[in-house]
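# Overview (structure and organization)
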Number of protein chains: 2
Amino acid sequence: MSENIYEIITEISKRRGFFWSSFEIYGGMAGYVTYGDYGVKLKRNIEALWREYFVRKQGFFEIDDPITNPSKIFEASGHLSNFKEYATICNQCGRGFRADHLIEEKIAQEHVEVLGVEAIKKLLVENKIKCPTCGGELKEPSLVLTMFQTQIGATGNEIGYMRPEAAQGMFLNFKRCFQANRERIPFAISQQGTVMRNEISPRRGVHRVREFTIMELELFYDPQNAVCRWLSDVENERIRVLTEEMVENQLEEPLEITVKEAIIKKVVLTEWQGYFMGLSKKFLCSLGIPSEKQRFRAHLPQERSHYSSQTFDHEVFTKSWGWIEVSGHANRTDYDLKSHMKASGVDMTVLRPDKTRYIPHVIEPSYGISRLVYVTMEYAYEQKESNNEKRNIFRFPRDLAPYQISVQPLVTKDGLPELAIELHDTLLKAGYRAIYDEGGSIGRRYARQDEVGTPIAITIDYETKDKGLVTIRDRDTWKQVQTHIHDLLDKLKLYFNGESFMDLGPIFE
Amino acid sequence: MSENIYEIITEISKRRGFFWSSFEIYGGMAGYVTYGDYGVKLKRNIEALWREYFVRKQGFFEIDDPITNPSKIFEASGHLSNFKEYATICNQCGRGFRADHLIEEKIAQEHVEVLGVEAIKKLLVENKIKCPTCGGELKEPSLVLTMFQTQIGATGNEIGYMRPEAAQGMFLNFKRCFQANRERIPFAISQQGTVMRNEISPRRGVHRVREFTIMELELFYDPQNAVCRWLSDVENERIRVLTEEMVENQLEEPLEITVKEAIIKKVVLTEWQGYFMGLSKKFLCSLGIPSEKQRFRAHLPQERSHYSSQTFDHEVFTKSWGWIEVSGHANRTDYDLKSHMKASGVDMTVLRPDKTRYIPHVIEPSYGISRLVYVTMEYAYEQKESNNEKRNIFRFPRDLAPYQISVQPLVTKDGLPELAIELHDTLLKAGYRAIYDEGGSIGRRYARQDEVGTPIAITIDYETKDKGLVTIRDRDTWKQVQTHIHDLLDKLKLYFNGESFMDLGPIFE
C-alpha cells in the first residue's frame, strides 16, 4: 500500500470530490488544484481549527489584505530581488525546470539551491543532466522571479505582483492594528488568504501548487522583553528537533526535548518561537498526525530566507514522499518593519515604558493549507477488507470530517424518506454538518460515507416509524447502536465531545 | 446625519479596525480595501450566513477553483470579448476614467454604457466633458478589457487572467460534480472566493473595488422540468420588483408581489429564479435590511450580460448613495456549458429519464461581500446622545456581530482580572466569540464595545468575588441585569436564541 497511497488518495479525491487537477476539461494545468465539496469542507474545518489554536484564545487580530500589491511593496520587502529560483529551459522542447531539483533527483543530494549558480551550472554539466521530458539539451540555469506580475488599472501602467506570502499585509498594516490594539505590545496579526507562486515546474498534485491558502501570523514583540505569557500552556510539550548542527552533520535522529528545555538550552532562541512550535505540534496532533511523525528541522544559515535569523520547518513524515514541510517558524527580526519604514518614510517605532523607541521584532508561524489537507488525509486513510472487497476509510478526527453525520432512510417508500428528511433538518438546526443520502443499498451507503470519512450514519427504518427507534452506525468500528430518537441529540453530543462509541448503548454488529 | 453617514462609517472603520484603504503607508491605491479584525469577523459571519441560506439546507455542493485561469477559459466563456468598459484617458494628466460614468454624473442619466461607443463619443463632446481631475482634454473613448492579465509559468509564456467572477469554475467542474452527485439533476454548485476586476477608475471605498470575495451559486436544471422542490419555503415572501417595463418607463414605485404570484404572472420566468429571489430577500432581512429598503430591478435586454436571458439586480437603498446593487440574479441559460462544450470538445449533455440528452440550464444568484458588509453596517449604525456626547452604536443582529460578548473586570486588581480571564475562557469553550477588555473606565469600555457592535458586555466586580454575581449589560437598551455566574451560560443561550434582554432578569439602568 505504502508505495501508492498517493495514487489511492488522488483517485478517491477525484471520484468522490475532495480535490482534482484544475481546468481538466481543457487538459489541465500543472500547479492548480480544485477542491470539491468534501475538500472545501475539510479545508474550512482545518482553517477554523488553526484559528482555534493560534488566534481565538489569545485574542489576536485578523486582517484581510489584497492579493495584488503594487510593485513598491515587494521592492521594499526584498521579494523583487530575492523571490527567485534557478530555472533551466530545454533547448529542444522549450519546457522550464528547477535546475536544483533536477540535480537533487539525479544525485540524491538535498538543498542544492543554496550552493549558488556556479555550483549548479557545474553539477548540471558534470552529471550530464538532460531535459526529463524530451531528453534535449538544457540551457544554462539562471535565477528567475517566481511572482506573478500584472498591470493595475486598465488604462494605466502601474506594475503589480500577486503576493507569494500573506506576511507583508501584516507589516503594511502594523501601525493601524497597533493603534486599534491601544498601542500595547506584544500582540499578533494573523491572516488566512490566497497566495500565488509562479513555480517553474510544479508537480505532485497538492504538494507544490501555484495558488493556495496560506495561514500566517506575525507576533510583534520587544526583543528586550521577549516574555510569552502563554508559554506555560505548552512548555511541557515534547517536540522533536533537528538542530542546525545536526542538519549540518546530516544526522537523522532528532533530539526529543520539551519546549521549555529547548528554550533554556537555546535550541530555540526566543520564548515566542518556542510557544508557537509547541502549539504547532499540538495543532498537528489534532489533525491526526502522531507526535513521532513530526519533527522541526532547523534551516542552515545559507538556506534561510533573506529576512530570517532562525527558522525551523515543521515537517511531517508522509508515506508518499518522506518528510515534507507543512509549516515554517521564522524569526523575521525587525527586517520587514525596518524595510517598510525606510521605503515609505512612515515611522514604525514604538515606545517602551522607559520612553526609548524601538522597532518590534517578529516571530512568524506560517502554514500552507494544501499540504495540511493532504497529510490529514494520508494519516486518516485506512484500507479494510470486507467480503473480499477492499474498502476505503478516512478516519478523520470527528470534528474535522467534512460531514459529521449522514442520515439515510432504509428504503425510499412508506414514509421513511420524510422521517429521514425531518431528522436531517433537526440535525442541521442543531449545528451539525449533516448530509442526507438515499441512493443504493444501506451497505453501499455506509461504504460511501466511510470513503468520505463521515463518522456517524443514522438509519431510519420501519422501527423508527413504529417505535421511534433509529440505528446509529460508527465509521471506525462498523458497530451499531439502536436508540430512541428522543435520546439521539444527547448521544450525538456525547459522541462529538469525545465519548467512545461503545458507551452510547448496547452494541450490535 | 444622512449626508455624511458614509464618512462616519469610514472614520469608525479606520479607527476601530473594520476596513480601510490598502497600502496606506505608501499613499494608498484606489480600489483596494483591507479588512481589520472586526471587518474580517463580520465578513466571515455574513459568508457563513449566506451558506446557511443558500447551501447548507439544500445540501448543495461547494467548490474552490483557482483565481488564475489560462486564457482559453475566458476565450470560451466570452469574457475576453465582452468583459470590457468604456475608458477615456486625459491628454494632459494621463489618468483613465469610465466614459459612461463621467456622462452619467454630468447629465444625470443612468446606464449610459448600453448606448454604445458612438453615442458615448457624442455625449462626451456635446456635454463638453473634461478631465475631472485636471480639466484637461479627454481622448476618444474606447472599450478596454477589465481583467487582470498575467503570465503563468516563470519561464513559459502561457497568458493567464484573474477571474472576474467565480462562475466559470462551476461550469469547468460541472461534469465532475455532476458525477459526484451520482448524475442527479437539479443540483447546484456554489463558491465563495476572491475575484479581481481591473476597474478603470474605482472610487467610493468598498462600493467598487478591484478585489473582493464573491459568493456565487449555479443551479443546474432541466428547462423541460424546472420544478423547484423548495419553492414552498419562500413562495409567500413578498418581494418588491421593478419589471423591465417599469424600468423602461422609468417608474420608481415597485410592484409588491409574492414570489408565487411573480412566477404565475411571469414577472419571474422560472421557479428556481423565484426561489433564489425569495431566499435573497430573507437573507438580506437577516442582515438587518428591512424589506421596504430592498427591491429587485430587472435589467433591460441591452443591459444584460452576454450570457443572460433574464436578470434582476437585488438592490438596497443606502443613505450614502441611494439604490445600490448587492446581488445579481441571472438566468444564464445553457450559454456557458455550451460554450465550454464547444471549446473543449467535452460532452456536457446529460440524460433525461426518457433518454433524450440536453445541456442543463443555469440560474445564478451572485453576491459581492464588500457591499453586503457596507449595507449591514449602514443599517446597524445609530447615533445616540449621552451626557452631551455623541455615541456610535452598531446594532448588528446578535449572531452577526464580530464579537458577541465582551468580558471586563471592574478594576485591574484584587483578583478581578483573573476571574474575568477565567470567564472569558469559559465563554470561548462554549463557542462564543468573546473578547477580553481591561483598559479604561467601565463607561469607556461599554462605549468601545457599542462602537464595534458587541451585543453583550459582562462585568466582573467585587460582588462576583463575594457572591458570584456578574452584571450583564445590553448594547441596544444600555440596561443591565445582575445574575449568578452559574446561571450565566443559560441566560446567554436564551439571549442568543432571540429572547428579549428584558426577560433575562430584573433590570437596572
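Residues numbered from 1 in each chain as written. Chains lettered and ligands numbered in written order. Predicted model: local features only at pLDDT ≥ 70, side-chain atom pairs only at ≥ 80, totals over all residues. Heavy atoms only, no water.

Below, the discussion takes up the interface of chain B and chain A. With 81 residues of chain B at the interface, the matching set in chain A holds 81 residues. In total, chain B and chain A occlude about 6,500 Å² of area from one another, counting both sides; carbon and sulfur atoms represent 55% of this. Three residues, B:Ile25, B:Tyr26 and B:Arg176, lead the burial of chain B against chain A; their summed loss comes to 13% of the area buried on that side. For the pair chain B and chain A, the interface holds 36 residue pairs in polar contact (both at pLDDT 80 or more). Per-element accounting of the side of chain B that touches chain A gives the leading share, seven residues, to helix α2 (residues 37-56) of chain B. (Contact = heavy atoms within 4.5 Å. Buried area = accessible area lost by both parts, 1.4 Å probe. Polar contact = N/O pair within 3.5 Å; in protein donor to acceptor, adjacent residues only side chain to side chain. Helix = DSSP H or I, 4+ residues; strand = E, 2+ residues; numbered from the N terminus.)

The transform that puts chain B on chain A rotates by 180° and translates by 0.0 Å along the axis, for an RMSD of 0.0 Å. Put plainly, the chains are arranged around a two-fold axis. In terms of C-alpha distance to the rotation axis, chain B has B:Thr150 as its closest residue, with the C-alpha 2.6 Å off the axis. Comparing contact sets, 100% of the residues at the interface of chain B also lie at the interface in chain A, consistent with an isologous, same-surface contact. (Least-squares fit on C-alpha atoms with pLDDT ≥ 70 in both.)

Here chain A is described as being made up of domain 1 (5-83 + 146-377), domain 2 (84-143) and domain 3 (403-504). Between domain 2 of chain A and domain 3 of chain A, the C-alpha centre-to-centre distance is 55 Å. (Domains from an automatic or database assignment.)

Next up on the list: helix α17 (residues 488-496) of chain A. Because each turn of an α-helix spans 3.6 residues, side chains separated by three or four positions end up pointing in the same direction. All names here are of chain A. Those residues of α17 that sit buried are Leu488, Lys491, Leu492, Tyr495 and Phe496. Viewed along the axis of α17, the buried residues span an arc of 130°, placing them on a single side of the element. For α17, the exposed residues lying more than 90 degrees away from the buried face are Asp490 and Lys493. Contacts from the buried residues of α17 go to β22 (405-409), α14 (416-429), β24 (456-460), β25 (469-474) and β26 (480-484). Glycine 498, located one to two residues past α17, shows a positive phi value of around 110°. (Buried < 20%, exposed > 50% of the residue type's maximum accessible area, 1.4 Å probe, protein only. Arc of directions from axis to C-beta.)

Before going further, it helps to spend a moment on the nonpolar core. Ranked by internal contacts, the top residues of the largest apolar core, which has 74 residues, are A:Phe276 and A:Phe283. Among the elements that take part in this core, helix α2 (residues 37-56) of chain A stands out by supplying eight residues, more than any other. Inspection of this core shows a minimum of three residues originating in each of domain 1 (5-83 + 146-377) and domain 3 (403-504) of chain A. In this structure A:Phe283 touches A:Ile46, A:Leu49, A:Trp50, A:Tyr53, A:Phe54, A:Tyr367 and A:Leu372, once residues within four positions along its chain are discounted. Judged by nonpolar contacts, the second largest core, of 73 residues, contains B:Tyr38, B:Leu217, B:Ala262 and B:Ala401. (Core = buried A, V, L, I, M, F, W, Y, C linked by side-chain atoms within 4.5 Å.)

This brings us to the side chain of B:Glu303. All names here are of chain B. Locating glutamate 303 in the fold gives a position in the loop between β14 (294-298) and β15 (310-318). Exposure remark for glutamate 303: the relative accessible area of 14% places this residue in the buried category. Within the structure, the side chain of glutamate 303 is placed 3.3 Å from the side chain of histidine 111, a separation counted as a polar contact. Glutamate 303 has contacts with His111, Val114, Arg297 and Ala298, leaving out every residue within four places of it along the chain.

Time to look at the confidence of the model for chain A. Predicted coordinates in regions of low pLDDT should not be interpreted in detail. Summarising the model, chain A shows a mean pLDDT of 94, and 99% of its residues fall at 70 or more. Across the whole predicted complex the pTM is 0.96, and at the interface the ipTM reaches 0.95. (pLDDT = per-residue confidence, 0-100.)

Our next topic: the pattern of salt bridges. All names here are of chain A. A complete count under the given rule lists 75 salt bridges over all chains for this structure. The partner of arginine 15 in a salt bridge is glutamate 11, with the nearest N and O atoms 2.7 Å apart. Here arginine 15 pairs with glutamate 11, and both are found in helix α1 (residues 5-17), just four residues apart, close to one helical turn. By relative accessible area, arginine 15 is classed as partly exposed at 37%. A cluster of three or more residues bridged by salt bridges with shared partners is formed by Glu11, Arg15, Arg16 and Glu451. (Salt bridge = Lys/Arg side-chain N within 4 Å of Asp/Glu carboxyl O.)

Residues and elements named next belong to chain A. The strand order across the open sheet formed by three strands is β6-β5-β7, and the pairing between neighbours is antiparallel. Each edge of the sheet is formed by a strand with only one pairing partner; in this case those strands are β6 (96-98) and β7 (142-145). Neighbour-to-neighbour, the strand axes of the sheet open up by a mean angle of 55°, direction not taken into account. Where strand β5 (residues 84-89) lies against β6, three bridges are found, and the strand directions are antiparallel. When the bridges of β6 are listed, alanine 87 appears paired with arginine 98. In the packing of helix α5 (residues 99-107) onto the sheet, the strands contacted are β5 and β6, and the crossing angle to β6 comes to about 65°. (Pairing = 2+ DSSP bridges. Axes fitted to C-alpha atoms, helices over the stretch in contact; angles between N-to-C directions.)

Here we take up the sheet that holds strand β11 (residues 211-221) of chain A. Paired through backbone hydrogen bonds, the strands of a sheet run either parallel or antiparallel to each other. All names here are of chain A. Here we have nine strands laid out as an open sheet, ordered β3-β10-β11-β19-β16-β15-β14-β12-β13, and mixed in their pairing. Across the chains shown, the open sheet's two edge strands, defined by having one partner strand only, are β3 (61-62) and β13 (255-258). Sheet analysis places strand β15 (residues 310-318) next to strand β16 (residues 322-333), joined by nine bridges and oriented antiparallel. Among the inter-strand pairings, glutamine 310 is bridged to a residue of β16, identified as asparagine 331.

On to the pairing of β16(A). Residue and element names in this part refer to chain A. Counted residue by residue, β16 has ten buried out of twelve residues, so it is predominantly covered. Inspection of the sheet shows β16 paired to strand β19 (residues 361-368) by six bridges, in the antiparallel sense. Note on β19: the bridge partner recorded for alanine 330 is glutamate 364.

Enumeration over the complete set of coordinates arrives at 69 aromatic pairs over all chains. Arranged with centres 5.6 Å apart and planes meeting at 70°, the rings of A:Phe317 and A:Trp323 form a pair that is edge-to-face. Between the aromatic rings of B:Trp230 and B:Tyr275, the centroid separation amounts to 6.3 Å while the plane-to-plane angle is 25°, which identifies the pairing as stacked. Of this pair, B:Trp230 sits in the loop between β11 (211-221) and β12 (238-242) while B:Tyr275 sits in helix α11 (residues 271-286), and the two are 45 residues apart along the sequence. Both residues of the pair, B:Trp230 and B:Tyr275, count as buried. The positively charged end of B:Arg176 is found above the aromatic ring belonging to A:Trp20, 5.9 Å away from the centroid. Cation over ring: B:Lys384 sits above B:Trp478, and NZ or CZ is 4.1 Å from the ring centre. (Phe/Tyr/Trp six-rings, centres within 6.5 Å; stacked < 30°, edge-to-face > 60°. Lys NZ or Arg CZ within 6 Å of the ring centre and 35° of its normal.)

Moving on: the state of the cysteines. One pass over the full model with this rule turns up zero disulfides over all chains. B:Cys90 supplies the cysteine sulfur nearest to B:Cys131, a cysteine that is in no disulfide, at a spacing of 3.8 Å. (Disulfide = S-S within 2.5 Å.)

In this section: unusual backbone geometry. Residues and elements named next belong to chain A. Omega for the bond connecting isoleucine 185 with proline 186 falls within 30 degrees of zero, at 5°, which places this linkage in the cis form. Looking at the element boundaries, proline 186 is found in the loop between α8 (174-180) and β10 (187-196). Positive phi, close to 60°, is recorded for tryptophan 478, a residue that is not glycine. Along the polypeptide, tryptophan 478 turns up in the loop between β25 and β26.

Moving on, we come to the pairing of β15(A). Residue and element names in this part refer to chain A. Here β15 lies mainly inside the structure; eight of its nine residues are buried. As judged from the five bridges shared by strand β14 (residues 294-298) and β15, these two strands associate in the antiparallel manner. In the sheet register, glutamine 294 faces β15, and the bridge partner there is valine 316. What sits between the antiparallel neighbours β15 and β16 is a turn of three residues.

Attention now goes to the packing of α2(A) against helix α11 (residues 271-286) of chain A. Packed helix pairs are specified by the crossing angle of their axes together with the interaxial distance, meaning the distance between the axes. Residue and element names in this part refer to chain A. For the pair α2 and α11, the least separation of the axes is 10 Å and the interaxial angle reads 145°. Seen along the crossing, α2 lies across α11 with a hand that is right-handed. Side by side, α2 and α11 meet where Ile46, Leu49, Trp50, Tyr53 and Phe54 of the first sit next to Phe276, Leu279, Ser280, Lys282, Phe283 and Ser286 of the second. Considered class by class, the residues forming the contact of α2 with α11 number eight nonpolar, two polar and one charged. (Left-handed = near helix turned anticlockwise from the far one by under 90°. Nonpolar A, V, L, I, M, F, W, Y, C, P; charged D, E, K, R; others polar.)

What follows concerns the side chain of B:Gln192. Residue position: B:Gln192 is located in strand β10 (residues 187-196). A polar side-chain atom of B:Gln192 sits 3.0 Å from the main-chain carbonyl oxygen of B:Glu47. Within the structure, the side chain of B:Gln192 is placed 2.8 Å from the side chain of B:Arg51, a separation counted as a polar contact. In contact with B:Gln192, other than residues within four places in its own chain, are A:Arg44, B:Glu47, B:Trp50, B:Arg51, B:Thr213, B:Ile214 and B:Met215.

On to the environment of B:Asp461, then. Tracing the chain through its elements places B:Asp461 in the loop between β24 (456-460) and α16 (462-467). Once residues lying within four places of it in the same chain are set aside, the contact partners of B:Asp461 are B:Leu410, B:Leu416, B:Leu469 and B:Thr471.

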